[in-house]
Structure formats: C-alpha cells, structure tokens
Amino acid sequence: MRPSRRDVLRTGILAGGTIIIMSSKARGGAASAAAGSTAASPWDRVPEILARIVPPAFPDRTFSITDHGAVGDDTTDCTSAFRQAIAACNAAGGGRVVVPAGVYRTGAIHLLSNVNLQVNGTIRFRTDTGSYLPNVFTRWEGIECYNYSPFIHADGQTNIAITGTGTIDGNAPAGEWASWGNGGADRDQLRAWGAGDHPVAQRQFGAGHKLRPNMIGLYRCTGVLVQDVSLRNPAMWTLHPVYCSNVTVRDVTFYSTNSQGDGCDPDSCTDVLITGCRFNTNDDCVPVKSGRDRDGRRVGRPSQNIVIQNCRFSGRWGGVTIGSEMSGGVRDVFAEDCVCNPADFPGRYPLKYALYVKTSFNRGGFVDGVHLRRISGRNLERSALFITLNYETSGSLPPVVQNVTADGVTIDGAAQAYDLQGRSSDHIKNVTISNSVFTRVTTAAPTATYVDDLVLTGVFVNGRDISNTQPPPADRYEAENATISQGVVESNHAGYSGTGFVNSDNVTGAYVKFSVTLPEPGQRPLTIRYANGTTTDRPFSLTVNGMLVNPSVNAPGTGAWTTWVSTSAVIPTVAGVNTVRLTATTSGGLPNLDYVELRP
C-alpha cells in the first residue's frame, strides 16, 4: 500500500492554508464577535451589474418574410426571403422582421444591427451543409477559426434580438451533423493550430471538414436580446454569444439531443443576464467559457458579470458550469433561485451536478468568484457541488480557482453533497457553504482535498450537521499498479492521474483487481474514475473479497477519452487485505480506468 494521502493532505493544509468550520450553534458567537463589522457580500455587486444590462428597443416597423417571398410550407427554401427582409429592416433604421405562422425552411440567417427577428411560427433549418457556406469567423470549442456559419449568425452588430413565442428548430438530427461527433481529425488539427499560433485567417474548415456549427452564434455584438422562443435540435451548442456585452436571455426553452448539446454558452462575454429559462440539454445547461489553452490565453478576454436567475435545469452534466474552456478567465458568476431536475420538467437526462467547475492544466486561466444562493433540486446523479482541478491533468499551467460561495442550497438526492478536488501543488481557495441541506445522499461524507479556507456553516447532510466536521482524505490506488487481466497500461489520452491508465481488451470478463489493506472493517465509500470515449455504455461488475456488490455499474460515454468522470459506491471491507475487482460485463470491455479511491 502506498503512503496515505491523509499525511500529504495534512501537510498541504498546514503549508498552504486553513480549513474553517462553524456549526450552527457557533454562529451566534461568531456574529457577536463580528458585531459592528460591515463585511460586504459578493451579491452586493449584482444590482450594479443588472443596471448595465438593458435590452435593446426597436422602432415600430414590421417587415414580414412573406412579403419577400417566404412560404411557410416546410418545403420552400426561404433563405433569400430572410436575407432580403433583414436587409430592408436594417436599411430603414430598424424594426421587426416577422416570421408568421407556418414552417419556414432556410439556410443560414445573418442578423444586422437594429433588427428584431420575431418568430411567431417555426423556423426549420435545412440539413444540407452547403446552406451554411461561405465560412465565417467563429470560435470552435474555445479556438478561433473560420468554419460553417452558425444557423443564426451576427458579427459586430448592435441592438439585435430574437424574440417571439414560436420555435427555432435546428433540425440537426435529420441531417449528417450528428454523425460528425466531436470533430475527429479536424478538431485535432484546430487544437494543434491553436497551440502553435497558426494565423487565424488560415484556420479554414467548412466544406470538406467536420466541425459542427453552433445553432445561434453571436460575435462581438452589443445589446443582445433572446426572449420567449423555443430553441430545438442544434447541431452543437445552442446559443453561443462570443465577445458580446449587454446580453439578455429571458424565458427561453432549450432542447438538444446531439452530443456537444450545450444550452447557453456565454464565451468571453461581459454583463449577461440569463433568467427564467428552461434547459433540457444533452450536455451542460449554462456553461460559462473564455477560450481554450494557448489560443484562449492569446485572446485573453474573460467572461465576467454573469447573472443566472430563476432557471430550471435538466441536462446531462452541469446546471451552472464553468469551463472547461476558461483560459481567458471567469470572474463574478451569480446564480440564484434555480431548480435542478424539477418534477414538472424532468428532461431527457437528470443533472449530474448543480455546480460543475472543471479546469485543466493546459488551460491556465482563473475562476474567481462563483456564487450560488437558493438553489434547489432533486435526484442528482453525482455531487451537488463539484469543483475539480483534475479535469485534465496534463500540462504545466495550473488554473487559479477561488472565492466560491453557496448559500441556501437544498438538494434531495445526490451521490455527494460536495466534491472539491484541488491538487497538492495548487489548492482551491476560499470556499464557503452555508445554510444548506442535502438529503438522500448516497455517500454521506463529502470530499474536500487540498482546499484552503473551506468554511462550513449550518450544512446538513442526511440530517447531520457537518459544520463541525471535516471529511478525511481518501487513499488513492492507481489502476496501472493493480492486477490487470486482458488489458494494458497506456498514457496516450490526457487527463489521467499517476503514470497512466488501464485500457482493457474489448471482451467480456476483462478485469482490474486492486489490493487494499485496511486497519479495521466497515462500510467505506469507493470512488472509481474512468473515461469512455464511445457512445456505448461499458458496464462492469464490482466485487469485494469475492462478494458481488453491484452486478452492473453503469459507465456511459463521457464524450471523449480525455474526459474523466467518477462514479461511487459503498463497499463492505474487512481488517487486513481486501480485494476490489472491476470486471467487464459486455463485449465492449471496461472503460479506461484511472484509479479508485477509498475513504475511511
């Protein structure tokens, strides 16, 4: 057995910071000691931010697309009619371009200043990729390039809006977009060009390539409103404002089915309000981004002053997410009065996390100021609050993550209340969780590894006040050091811990067996970290000392082999040597296994 991480963690805490704990009984004394102090709340900044976010207004002029030849029969190509109506509205000084009742098929729509695209019927986008050419300037997963036009696009415009009670249907599952996956070789080429400072103008994709476009991509715009519409079936991210300021997204419904199916991605934007929206997504609901790796640092524009209010989250990953593309930095994100997995809006997938902060050692950058209050929800698949500096661990540019608060969080059903994963050399700093209740939590002990100044005040897990406790660190067992049957140790996918990971053969019965020595028996939380870059579940059985604990632990696709996630179980253990075995139960074999962690 390798040296315990408990000693390593204790040394890290003494050298790098402190952990502060405060029970509900102690709060009164602390308040008395602080009498007369006027410590400011980060929420005091929100009214000032909201005062700067003013939706655009438009002249009372109407331009119907039907007056320019559009026919709402779900067949006629209306691309020219949209272009003409928008140009006429812009030339007249602004107004509304109206999409009346009916279904209007079109290629790319390019918005111009002072135009409100009012959708009363349905816009349904064409499935032929040529309808989104010529290439336009875009930022694809955090790296600048030229690619297919977003289905609705604007660049450098002022006072633009997409409103109405109708539907904007990307129609992407009906075409070939879904088969392009995460971009494959084109994605790898773009990342290489970004890492090598290849001239942006020469980063040309589009025709003959397979980088999917976003559905609504708004670049370098000021004064943006998206309100009331239903956004469905994007090829990739649904609503992607980039380098924008003064943005309002209000009462919008998001529905996505393709992979990379994010909801609303403010990317290097300033002063953004997302309010009253409903998210039923195939990925993160509101991921805040600011560029990827070297290219994101080159641009160097943070996302800041993002306010998220009264939203309803059902999505495959996080409700409020920061990153993982955050190389330009993220500052001052506020989320309040949101509901996760609401009973009356269940969505296709349950959320894994209410808050998901994911950073990479290739990214650098910073996350400074993420604040939640009055967040409620149920049936989260993993931790309610998850912050990790281990999302991708290759590279030498550690991010700075600090100043996170969560107050009045109420979650009924989760794997853990919180899981905070710093690193021995780079700690998470200043996290406060207060007045929060977590019930039906599978793993009662939350996780906080390498966290400086963690303050717990009135935090209850399964009815127990944990404010005066601190969970002990876990002992980690690397898969490359375990006994391996029908598999090999590899290191060709970034993000693993230790010296590598185990890639099993694609056969039923492949296994990885860990030997764990413990001083005493008991029920112990086990964490298993894995990656599955396929779209097929790779389940495995979990046995402990020859006893079957779980016949089929799900290991669904994680989107990429570099995307590492964790699943948890509680296992019975004995004093002395324990054998923990993970065995593939299908012909797909095991997912790539990084490590297991066992908590006392």
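The rules behind these values
- Residues numbered from 1 in each chain as written.
- Predicted model: local features only at pLDDT ≥ 70, side-chain atom pairs only at ≥ 80, totals over all residues.
- Heavy atoms only, no water.
- Helix = DSSP H or I, 4+ residues; strand = E, 2+ residues; numbered from the N terminus.
- Contact = heavy atoms within 4.5 Å.
- Areas by Shrake-Rupley, 256 points an atom, 1.4 Å probe, with all protein chains shown as cover.
- Lys, Arg positive; Asp, Glu negative; His and termini not counted.
- Charge placed at Lys NZ, Arg CZ, Asp CG, Glu CD.
- Pairing = 2+ DSSP bridges.
- Axes fitted to C-alpha atoms, helices over the stretch in contact; angles between N-to-C directions.
- 1 Å grid on protein atoms, 1.4 Å probe; cavity = no way out; pocket = protein on both sides within 12 Å on 5 of 7 lines; lining within 4 Å.
- Points joined across faces, edges and corners; volume = space filled by probe spheres on them.
- Nonpolar A, V, L, I, M, F, W, Y, C, P; charged D, E, K, R; others polar.
- Buried < 20%, exposed > 50% of the residue type's maximum accessible area, 1.4 Å probe, protein only.
- Salt bridge = Lys/Arg side-chain N within 4 Å of Asp/Glu carboxyl O.
- Core = buried A, V, L, I, M, F, W, Y, C linked by side-chain atoms within 4.5 Å.
- pLDDT = per-residue confidence, 0-100.
- Phe/Tyr/Trp six-rings, centres within 6.5 Å; stacked < 30°, edge-to-face > 60°.
- Lys NZ or Arg CZ within 6 Å of the ring centre and 35° of its normal.

**Q** I tried to follow the overall build of the protein chain on my own but got confused; where do I start?
**A** The secondary structure content of the protein chain amounts to six helices and 49 strands. Seen through its principal axes, the protein chain has C-alpha atoms that stretch 80 × 65 × 45 Å. Of the contacts made within the protein chain by residues no fewer than 6 positions apart, 77% connect residues no fewer than 24 positions apart. Summing over all exposed atoms, the protein chain offers an accessible surface of approximately 21000 Å²; the carbon and sulfur share of this is 49%. Positive and negative charge centroids in the protein chain, built from 52 and 51 side chains respectively, lie 2 Å apart.

**Q** Hey, could you run me through the sheet that holds strand E34 (residues 416-421) in this one?
**A** Backbone-to-backbone hydrogen bonds pair the strands of a sheet. The strands run either parallel or antiparallel. Pairing is parallel in the open sheet, where six strands are placed in the order E22-E25-E28-E31-E34-E36. The strands lining the two open edges of the sheet, one partner per strand, are strand E22 (286-288) and strand E36 (447-449). Here the average twist between neighbouring strands, direction ignored, is 15°. Pairing between strand E25 (residues 318-322) and strand E28 (residues 353-360): four bridges, direction parallel. For Gly318, the partnering residue across the bridge sits in E28 and is Tyr353.

**Q** Mind showing me how you'd approach the layout of surface pockets here?
**A** Considering only enclosed or pocket space, the largest pocket measures out at about 770 Å³ in volume. Around the largest pocket sit 37 residues that line it, and Gln260, Asp283, Thr558, Gly559 and Ala560 are the ones nearest its centre. Residues of the lining of the largest pocket, tallied by class, amount to seven nonpolar, 16 polar and 14 charged. Space inside the second largest pocket adds up to approximately 610 Å³. What lines the second largest pocket is a set of 31 residues, and nearest its centre among them are Glu381, Arg382, Ser566, Thr567 and Ser568. With five residues, strand E47 (residues 565-573) is the single largest residue contributor to the lining of the second largest pocket. In the lining of the second largest pocket, the residues fall into 12 nonpolar, 13 polar and six charged.

**Q** In this structure, what is going on with the pairing of E25? I would like to understand it.
**A** Note on strand geometry: in a regular strand, side chains alternate between the two faces of the sheet. Within E25, five of the five residues are buried, leaving the element largely enclosed by the surrounding structure. Pairing geometry for E22 and E25, over three bridges, is parallel. Across the sheet, Val286 pairs through a bridge with Val320, a residue of E25.

**Q** Looking at this structure, how should I read the sheet that holds strand E6 (residues 109-110)?
**A** Within the open sheet, the four strands sit side by side as E6-E11-E14-E17. Their pairing is parallel. The open sheet has two edge strands with one neighbour each: E6 and strand E17 (239-242).

**Q** For this particular structure, what's the right way to read the side chain of His371?
**A** Counting through the fold element by element, His371 comes out in strand E29 (residues 366-373). Looking at His371, the relative accessible area reads 4%, which means it is buried. Filtering out sequence-adjacent residues up to four positions away, His371 remains in contact with Pro42, Trp43, Arg45, Val333, Phe334, Ala335, Asn403 and Thr405.

**Q** What am I meant to see in the pattern of salt bridges here?
**A** Where charged atoms from two side chains of opposite charge come close, those side chains can pair. Inspection of the entire model under this criterion finds 30 salt bridges. Taking the shortest distance from any N to any O, the salt bridge between Glu144 and Arg298 comes out at 2.9 Å. Of this pair, Glu144 sits in strand E10 (residues 143-147) while Arg298 sits in helix H6 (residues 293-299), and the two are 154 residues apart along the sequence. With relative accessibility at 40%, the residue Arg298 sits in the partly exposed group.

**Q** I'm lost on the environment of Ser587 in this one. Help?
**A** Along the chain, the position of Ser587 falls in the loop between strand E48 (576-584) and strand E49 (592-598). Linking Ser587 and Gly509, residues 78 residues apart in sequence, is a C-alpha distance of 8.3 Å. Once residues within four sequence positions are removed from consideration, Ser587 is found in contact with Asn506, Val507 and Thr508.

**Q** Got a minute to help me understand the nonpolar core in this structure?
**A** Note that soluble globular proteins tend to have their nonpolar side chains buried in a common cluster. Ranked by size, the top nonpolar core spans 102 residues in total, and within it Ile274, Phe279, Ile308, Phe313 and Tyr418 carry the most contacts. For Ile274, the contacting residues outside a window of four places in its chain are Val249, Cys264, Pro266, Phe279, Val286, Val307, Ile308, Gln309 and Cys311. By size, the runner-up hydrophobic cluster in this structure holds 32 residues, among which are Trp317, Tyr477, Ala510 and Leu593.

**Q** What is the right way to look at empty space enclosed by the protein in this model?
**A** Where empty space is left in the structure can be found by rolling a water-sized probe over the atoms. Using the criterion set out here, one finds three cavities of 30 Å³ or more in the structure. As for the largest cavity, its lining consists of Tyr353, Tyr356, Phe386, Thr388, Asn390, Tyr391, Gln421, Arg529, Trp564, Val565 and Ser566. Contributing elements (two or more residues each) for the lining of the largest cavity: E28, strand E31 (383-392) and E47. In terms of residue count, the dominant contributor to the lining of the largest cavity is E31 (four residues). Residue composition of the lining of the largest cavity, grouped by class: six nonpolar, four polar and one charged. Of the volumes computed, that of the second largest cavity is approximately 50 Å³. Taken together, Thr138, Arg139, Trp140, Asn147, Tyr148, Pro150, Arg212, Pro213, Asn214 and Tyr219 make up the lining of the second largest cavity.

**Q** Could you clarify how one ought to interpret unusual backbone geometry in this entry?
**A** In most cases, non-glycine residues show a negative phi, while peptide bonds are predominantly trans. The step from Leu133 to Pro134 runs through a cis peptide bond, and the omega angle for that step is 5°. In this fold, Pro134 is placed in the loop between strand E8 (122-125) and strand E9 (136-140). In this chain, Gly323 is followed by Ser324 through a cis amide linkage whose omega measures 5°. Within the secondary structure, Ser324 is located in the loop between E25 and strand E26 (330-336). Residues other than glycine seldom take positive phi values, yet Asp293 does so here, at roughly 55°. For Asp293, the position within the fold is in helix H6. Judged by relative accessible area, Asp293 falls into the buried class, the value being 19%. If you check the backbone angles, Asn545 has positive phi at about 55° while not being a glycine. The residue Asn545 is located in the loop between strand E45 (540-544) and strand E46 (547-553) in this model. On the accessibility criterion, Asn545 (37% relative accessible area) is partly exposed.

**Q** Help me understand the confidence of the model for the protein chain in this model?
**A** As a note on interpretation, predicted positions should not be read in detail where pLDDT is low. Looking at the protein chain as a whole, its pLDDT mean stands at 91, while 92% of the residues score no less than 70. Residue range residues 1-38 is modelled with pLDDT below 50. Its contacts to residues more than four positions away, or to other chains, number 62 contacts.

**Q** Just checking my understanding: could you explain the packing of aromatic side chains for this structure?
**A** The way to describe two aromatic rings as a pair is by their centre distance and the angle between their planes. Using the criterion set out here, one finds 19 aromatic pairs in the structure. Judged by centre distance (4.5 Å) and plane angle (40°), the ring pair of Tyr353 and Tyr356 falls under tilted. Just as Tyr353 is buried, Tyr356 falls in that class too. Through pairs of rings, three or more aromatic residues link up here, namely Phe125, Tyr132, Tyr148, Phe151, Trp177 and Trp180. The lysine or arginine in question, Arg316, covers the ring of Tyr349, its NZ or CZ lying 4.2 Å from the ring centre. One cation-aromatic arrangement involves Lys352 over Trp317; the distance from NZ or CZ to the ring centre is 4.5 Å.

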